[in-house]
Amino acid sequence: MHELGITEAILDIVLRHSGGARVRKVQVTVGEWTGYVGDSIELFWQELSRGTVAEAAKLEFRFEPATLRCRACGTVFGANGSGLECPQCGALGGEPAGGQECTVDLIEVEGGDST
Ligand SMILES: [Zn+2]
């Protein structure tokens, strides 16, 4: 249930950027490394956003797959199940290169000109 903290953070960003306008849509990128589940964020969102300008906002999630950067040769590769071996040089492991973050990409408010 660690989505509570991130949901609070997302709501905080959204409310700060809304300028008091009602929020229609919020687009969030969820990195695979974070382990956050969109459905859980949505549940907390319904609770937390109640009574705010964001309470009717629709949440949209974009999933970002986990990638690793090889410590030996710098190649970035997908960390998908089968192993954490660099496809370039065969070194094991690597540093997380992508999919580590949960970020708010887009906030759409009523009266805005974006469609
Ligand atoms: Zn490598």
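Scroll up a little and you will see the structure.
Rules used throughout
Residues numbered from 1 in each chain as written. Predicted model: local features only at pLDDT ≥ 70, side-chain atom pairs only at ≥ 80, totals over all residues. Heavy atoms only, no water. Pairing = 2+ DSSP bridges. Helix = DSSP H or I, 4+ residues; strand = E, 2+ residues; numbered from the N terminus. Axes fitted to C-alpha atoms, helices over the stretch in contact; angles between N-to-C directions. Contact = heavy atoms within 4.5 Å. Donors = N, O, S within 2.8 Å, 3.2 Å for Na, K, Ca; no water. Tetrahedral: all angles 85-135°; square planar, octahedral: opposite > 155°, others 65-115°. Expected span 1.5 Å × (residues − 1). Buried < 20%, exposed > 50% of the residue type's maximum accessible area, 1.4 Å probe, protein only. Arc of directions from axis to C-beta.

Draft legend 1. Expanded view of the sheet that holds strand β1 (residues 23-31). Read across the open sheet, the 3 strands follow the order β2-β1-β6; overall the sheet is mixed. Two strands in the sheet have a free side with no partner beyond their single neighbour: β2 (58-64) and β6 (102-109). When the angles between neighbouring strand axes are averaged without regard to direction, this sheet yields 15 degrees. Its contacts with the sheet put helix α2 (residues 38-48) on β1 and β2, and the angle it makes with β2 is roughly 155 degrees.

Draft legend 2. Here's a closer look at the coordination of the zinc ion. The zinc ion binds to the protein through C70 (SG), C73 (SG), C86 (SG) and C89 (SG); the donor distances cover 2.3 Å. For the zinc ion, the 4 donor atoms are set out with angles of 104 to 116 degrees between them, so the coordination reads as tetrahedral. Read from N- to C-terminus, the donor residues coordinating the zinc ion fall into the pattern C-x2-C-x12-C-x2-C. Here C73 is found in the loop between β3 (67-69) and β4 (76-78), whereas its partner C89 is found in the loop between β4 and β5 (95-98), with 16 residues between them in sequence.

Draft legend 3. The arrangement of helix α1 (residues 3-18) in detail. Here α1 spans 22 Å end to end across 16 residues, near enough to the 22 Å set by a 1.5 Å rise per residue. On its buried face, α1 sits against β1, α2 and β6. At the exit of α1 stands G19, carrying a positive phi of roughly 60 degrees.

Draft legend 4. How the structure looks around α2. Buried residues of α2: G38, S40, I41, F44 and W45, and no others. Seen from one end, α2 has its buried residues packed into an arc of 160 degrees, which puts them on one side. Of the exposed residues in α2, the ones pointing more than 90 degrees away from its buried face are D39, L43 and E47. On the buried face of α2, the contacting elements are α1, β1 and β2.

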